[in-house]
Amino acid sequence: MKKVICIFLLLCINLASFSQTDSDYEKLVEKVTKFINSQDFKSVYELFSDNLKKENSFESLRKTILNHQKELGKITSTEFWMEGELGNCYLLEFEQATMVLIVKLLPENKISVFNIEEY
């Protein structure tokens, strides 16, 4: 019985060490917000996983963010909204409107899902 309990505890600890915490997501959203507002698109792109980079070119990311900034202004605040099927959802308050950032992190803190959508 002791062996079963020990194995169970080790599995729980192991899973916890590979899962992303709320703090990891908060730090990421702060970084992304800072990079977007300073138009440092390369730094945002470097946070992407290799698979996400294959799906989205740097140029398409840059154009998308520039279009949002042109229409909506800079991001003034962020707030966790909910955990969705694709990842964590954050409300991005721009100067002119609110958008939703959907983001998911891999264990190595690389972004595997990154979408900015209308609220």
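Below is a summary of the structure that appears in this document. (Residues numbered from 1 in each chain as written. Predicted model: local features only at pLDDT ≥ 70, side-chain atom pairs only at ≥ 80, totals over all residues. Heavy atoms only, no water.)

Some thoughts on the overall build of the chain
Helix and strand content of the chain: five helices and four strands. Reading the helices (α) and strands (β) of the chain from amino to carboxyl end gives α-α-α-α-α-β-β-β-β. Expressed as a percentage of contacts within the chain between residues at least 6 apart in sequence, the contacts between residues at least 24 apart total 40%. Carbon and sulfur atoms make up 55% of the accessible area of the chain, which amounts to about 8000 Å² in all. (Helix = DSSP H or I, 4+ residues; strand = E, 2+ residues; numbered from the N terminus. Contact = heavy atoms within 4.5 Å. Areas by Shrake-Rupley, 256 points an atom, 1.4 Å probe, with all protein chains shown as cover.)

Some points on the pairing of strand β1 (residues 75-83)
If a strand is regular, its side chains alternate between the two faces of the sheet. Examined bridge by bridge, β1 and strand β2 (residues 88-94) share seven bridges and lie antiparallel to one another. From the neighbouring strand, Glu83 faces β2, where its bridge partner is Asn88. (Pairing = 2+ DSSP bridges.)

Observations concerning the pairing of strand β4 (residues 111-118)
Across seven bridges, the pairing between strand β3 (residues 98-105) and β4 is antiparallel. The residue bridging Met99 from the neighbouring strand is Glu118, located in β4. Where β3 folds back on β4, the antiparallel hairpin that results is connected by five residues, among which Asn109 adopts a positive phi of roughly 60°.

Digging into the pattern of salt bridges
Here the structure, examined in full by the defined rule, presents two salt bridges. Salt-bridge contacts for Glu59 lead to Arg62; the nearest nitrogen and oxygen are separated by 2.6 Å. Of this pair, Glu59 and Arg62 both sit in helix α5 (residues 58-72), three residues apart, which is roughly one turn of that helix. Accessibility expressed as a relative area gives 33% for Glu59, which makes it partly exposed. (Salt bridge = Lys/Arg side-chain N within 4 Å of Asp/Glu carboxyl O. Buried < 20%, exposed > 50% of the residue type's maximum accessible area, 1.4 Å probe, protein only.)

Bear in mind that shape data such as this cannot, by itself, settle questions of function.
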